[in-house]
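# Close look at the chain arrangement
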Amino acid sequence: MQLRYAFRLDPGPGQRVALARAFGCARVVYNDAVAARERARREGAAFPSAGALSKMLITEAKQGPGRQWLSEVSAVILQQALRDVERAYTNFFASLKGSRQGARVGAPRFRSKRDARQAIRFTANARWKITESGRLLLPKIGEVKVRWSRRLPSVPSSVTVIRDAAGRFFASFVVETDPDADLARMPGADGLPSVGIDLGLTHFAVLSDGTKIDSPRFLRRAEKKLKKAQRELSRKQKGSKNREKARLKVARAHAQVADARREFHHQLSTRLIRESQAVAVEDLAVKALARTRLGKSVHDAGWAQFLAMLEYKAQRYARIFVKVGRFEPTSQVCSVCGVKDGPKPLHVRTWTCTHCGTVHDRDRNAAKNVKQAAGLAVTACRAQVRPGLVPAQREEAGSHGIHTGTRAAQRHSTR
């Protein structure tokens, strides 16, 4: 399994200039390749191949009067910029055809020096290396100081140097992890419980065992500081050095919020994977929820990032990860008897089942239903547990057809 390990870089003044030059050259080659493709599309001609673009935009451009400065950076990062263009168009066409999983992507756009993120990639052909003193040696840039926070599990195959909106530099290494070593880091799954998770805003997560994890609300807590920094930025004259300083101040404040949220997600997801043999969550429509009046709180929670961490860590450490369909009525069904009690407004946090009389905490009941809908609830003899009034067995629906099968069974049980 391939993973990325990112570490903070501390380049010197001269190295910052060299990195800025490398970012600019890679950006120019990328934009030239997009322009060549768009020109071919308008003229109805065939798209130029990767080899033709490399010859025209790198080899021949270095010999011309307008692009001689491309020779001042490593040729590898220019080749990687062309590969980025190829990948962007491949993903775009696959998205149009519907053969690409995930969200739809648009056509490649031109990059700008004002983009929040600048990046260049060095592969093994660039002959970069980590020196004995722990510095990162990059061609035509030099030895850059790295803030190592852990050991790399294996020799990295490539490194991407990134500059974010706050002006910070990072080195992102791609490494291949050893599955056996990963499994040795975690306790065995046998004997560990399964858990259903209900994500929310009042509490970030409520587990099926009743554990409630408070929402840190990093953005809400930093709002006063962010508003002050934003006001100072708005008062600075455009194009001035003071405005650039104020912009960096705002970017750093936002970066602190994002870093704190990411650290919280990492710690919680690792804890859940370590303590559970199977994890079930609800497939939330985050984009739709972000367009409501609760949009800022939804973005502050960062559910999508948290679920992505849970998924890849479950795969890495041989745990079971199941997503339950977003149309599953987890807040409407009694987790004890299975009767659907109808929708409830958000201010209703506890309710009593009209059939069996059980008093439910709304979030914990939803977490239990998420666990049951994923097929993770079992009896002592390892048989699937199903509410008594619902006759359909969980195996009939299956993990991939769970949504339709569950809804049909619930409709049948309430007739």
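For the structure itself, look to the data block above.
Described below are features of the structure shown in this document. As the structure is a prediction and not an experimental result, all values here were calculated from the model.

## Here we look at helix α2 (residues 50-63)
Relative to the 20 Å expected for 14 residues at 1.5 Å per residue, α2 spans 19 Å between its end C-alpha atoms, a close match to the ideal helical length. Among the residues of α2, those classed as buried are Leu-53, Ser-54, Leu-57, Ile-58 and Ala-61. Taken together, the buried residues of α2 touch α1 (13-43) and α3 (75-97).

## Side note on the sheet that holds strand β7 (residues 169-176)
Pairing in this open sheet of seven strands is antiparallel, and the strands run β2-β6-β7-β1-β5-β4-β3 from one edge to the other. Every other strand in the sheet has two partners, leaving β2 (118-123) and β3 (129-130) as the edge strands with one partner each. In this sheet, β7 lies alongside strand β6 (residues 158-163) in antiparallel orientation, the contact comprising six bridges. By the bridge assignment for β7, Val-161 is matched with Ala-171.

## A short note on the pattern of salt bridges
In this structure the tally under the stated criterion is 22 salt bridges. A salt bridge links Arg-21 to Glu-72; the shortest N-O distance between them is 3.1 Å. With a gap of 51 residues between them, Arg-21 in helix α1 and Glu-72 in the loop between α2 and α3 connect regions that are remote in the sequence. Assessed through its relative accessible area of 42%, Glu-72 is described here as partly exposed. Here Asp-84 ties to Arg-121 by a salt bridge, and the two come within 2.9 Å at their closest N and O atoms. Of the two residues, Asp-84 sits in helix α3 while Arg-121 sits in strand β2, which places them 37 residues apart along the sequence. Classification of Arg-121 by relative accessible area gives buried; the value is 15%. Within the structure, one salt-bridge network assembled from shared partners comprises Asp-84, Arg-87, Arg-111 and Arg-121.

## Here we look at the side chain of Thr-177
For Thr-177, the location among the structural elements is in the loop between β7 and α4 (179-185). Assessed through its relative accessible area of 5%, Thr-177 is described here as buried. Here Met-1 takes part through its backbone oxygen, which lies 2.9 Å from a polar atom of the side chain of Thr-177. For Thr-177, the side chain forms a polar contact with the side chain of Asp-182, separated by 3.2 Å. Other than its neighbours up to four places away in sequence, Thr-177 contacts Met-1, Leu-3, Pro-153, Asp-182 and Arg-316.

## Describing the sheet that holds strand β11 (residues 278-282)
What the five strands build is an open sheet, ordered β10-β9-β8-β11-β12; its pairing is mixed. In this open sheet, the two strands that pair with only one neighbour each are β10 (212-214) and β12 (320-324). Taking each pair of neighbouring strands and ignoring which way they run, the sheet shows an average axis angle of 20°. Of the strand pairs in this sheet, strand β8 (residues 194-199) and strand β9 (residues 203-207) are connected by three bridges, and their pairing is antiparallel. In the sheet register, Leu-199 faces β9, and the bridge partner there is Ala-205. Sheet contacts for helix α10 (residues 303-316): β8, β9, β11 and β12; angle to β12, the most-contacted strand, approximately 145°.

## Quick look at a positive patch on the surface
A grouping of Lys-224, Lys-227, Lys-228, Arg-231 and Arg-235 is seen on the molecular surface, where their side chains present a positively charged patch. Structurally, Lys-228 is set in helix α6 (residues 223-234).

## Quick look at the packing of α6 against helix α7 (residues 241-275)
What describes two packed helices is the angle between their axes and the distance between those same axes. α7 packs onto α6 with a crossing angle of 160° between their chain directions and a minimal axis gap of 9 Å. Our classification of the angle between α6 and α7 gives roughly antiparallel. In the packing of α6 onto α7, the handedness of the crossing is left-handed. Here Lys-225, Leu-226, Ala-229, Gln-230, Glu-232 and Leu-233 of α6 come into contact with α7, specifically with Arg-243, Ala-246, Arg-247, Lys-249, Val-250, Ala-253, His-254 and Gln-256.

Parameters and conventions
- Residues numbered from 1 in each chain as written.
- Predicted model: local features only at pLDDT ≥ 70, side-chain atom pairs only at ≥ 80, totals over all residues.
- Heavy atoms only, no water.
- Helix = DSSP H or I, 4+ residues; strand = E, 2+ residues; numbered from the N terminus.
- Expected span 1.5 Å × (residues − 1).
- Buried < 20%, exposed > 50% of the residue type's maximum accessible area, 1.4 Å probe, protein only.
- Contact = heavy atoms within 4.5 Å.
- Pairing = 2+ DSSP bridges.
- Salt bridge = Lys/Arg side-chain N within 4 Å of Asp/Glu carboxyl O.
- Polar contact = N/O pair within 3.5 Å; in protein donor to acceptor, adjacent residues only side chain to side chain.
- Axes fitted to C-alpha atoms, helices over the stretch in contact; angles between N-to-C directions.
- Patch = residues over 30% accessible without salt bridge, like charges linked within 9 Å, V, L, I, M, F, W, Y side chains within 5 Å.
- Areas by Shrake-Rupley, 256 points an atom, 1.4 Å probe, with all protein chains shown as cover.
- Lys, Arg positive; Asp, Glu negative; His and termini not counted.
- Charge placed at Lys NZ, Arg CZ, Asp CG, Glu CD.
- Parallel < 35°, antiparallel > 145°, perpendicular 65-115°, else oblique.
- Left-handed = near helix turned anticlockwise from the far one by under 90°.

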